[in-house]
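# Per-entry structural report
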Amino acid sequence: VQLQASGGGLVQAGHSLRLSCSTSGLTFNSVTMGWFRQAPGKEREFVAGIRWNGGNRYYGESAKGRFTIYRDIAKKTVSLGMNSLNPADTAAYYCAACIGLIASTVTDRGRYHYWGQGTQVTVSS
């Protein structure tokens, strides 16, 4: 299984970015895809997740109302649309996949089996 995150960059506060995660080798029965982020000196935190089957979405507190996670079933990609970015959103963003996750543990990074490399998002003030 391989996950490849892309789309990061340097943006000004208030602007938007869209991150994308391409997948290979996954069979999508009972898969939950997630985005996490990690800023220097901080723990990796849950940003958003989506169940592949059914499309149920989950968001961390920092993402609610500003970020949208969505999937493209045909392309087997998961994207994260981020609006109203602010400097606190600066971090390396990682996509991850879990087989058989239940909703109550979607925020638990320890439950995810596969990780992509990070893509850096830097928001300037």
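The rules behind the values
- Residues numbered from 1 in each chain as written.
- Predicted model: local features only at pLDDT ≥ 70, side-chain atom pairs only at ≥ 80, totals over all residues.
- Heavy atoms only, no water.
- Helix = DSSP H or I, 4+ residues; strand = E, 2+ residues; numbered from the N terminus.
- Rg over C-alpha atoms; globule rule 2.2 N^0.38 Å.
- Buried < 20%, exposed > 50% of the residue type's maximum accessible area, 1.4 Å probe, protein only.
- Contact = heavy atoms within 4.5 Å.
- Lys, Arg positive; Asp, Glu negative; His and termini not counted.
- Charge placed at Lys NZ, Arg CZ, Asp CG, Glu CD.
- Phe/Tyr/Trp six-rings, centres within 6.5 Å; stacked < 30°, edge-to-face > 60°.
- Core = buried A, V, L, I, M, F, W, Y, C linked by side-chain atoms within 4.5 Å.
- Polar contact = N/O pair within 3.5 Å; in protein donor to acceptor, adjacent residues only side chain to side chain.

A tally of helices and strands in the protein chain yields zero helices and 11 strands. In summary, the protein chain has a C-alpha radius of gyration of 13 Å against a globular reference of 14 Å for 125 residues, a match within 12%. Viewed in the frame of its principal axes, the protein chain has a C-alpha envelope of about 40 × 30 × 25 Å. Burial statistics for the protein chain: of 125 residues in total, 43% are counted as buried. A sequence separation of at least 24 residues applies to 56% of the contacts in the protein chain between residues at least 6 apart. Across the protein chain, the centroid of the 13 positively charged side chains sits 7 Å from that of the 6 negatively charged ones.

Here we take up the environment of Gln-4. Considering the arrangement of structural elements, one finds Gln-4 in strand E1 (residues 2-6). What makes Gln-4 partly exposed here is its relative accessible area of 45%. Expressed as a C-alpha distance, the spacing of Gln-4 and Pro-40, which sit 36 residues apart in the sequence, is 21 Å. Look past the residues within four positions of Gln-4 in its chain and what remains in contact with it is Ser-20, Cys-21, Ser-22, Cys-95 and Gln-117.

Below, the discussion takes up the packing of aromatic side chains. All told, the structure shown has four aromatic pairs when counted by the stated rule. Where Phe-36 meets Phe-46, the ring centres are 5.6 Å apart and the plane angle is 75°; that geometry is what we call edge-to-face. With Phe-36 in strand E4 (residues 31-38) and Phe-46 in strand E5 (residues 45-51), this residue pair connects regions lying 10 residues apart in the sequence. Judged by centre distance (5.0 Å) and plane angle (55°), the rings of Phe-36 and Trp-115 are tilted.

On to the nonpolar core, then. Core analysis: the biggest nonpolar cluster contains 29 residues, and Met-33, Trp-35, Val-47, Phe-67, Leu-80, Met-82 and Tyr-93 have the highest contact counts within it. Going through the elements one at a time, E1, strand E3 (17-24), E4, E5, strand E7 (67-72), strand E8 (77-82), strand E9 (91-99) and strand E11 (119-124) are the ones with two or more residues in this core. The element best represented in this core is E9, accounting for four residues. Counting eight residues, the second-largest nonpolar core is a separate cluster that includes Phe-46, Ala-96, Cys-98 and Val-106.

Inspection of the secondary structure assignment puts Arg-37 in strand E4. By relative accessible area, Arg-37 is classed as buried at 6%. Side-chain polar atoms of Arg-37 contact the side chain of Ser-62, separated by 3.2 Å. A distance of 2.8 Å separates a polar atom in the side chain of Arg-37 from a polar atom in the side chain of Asp-89. If we ignore the near neighbours within four places in the chain, the residues touching Arg-37 are Glu-43, Arg-44, Glu-45, Val-47, Ser-62, Phe-67, Ala-88, Asp-89, Ala-91, Ala-92 and Tyr-93.

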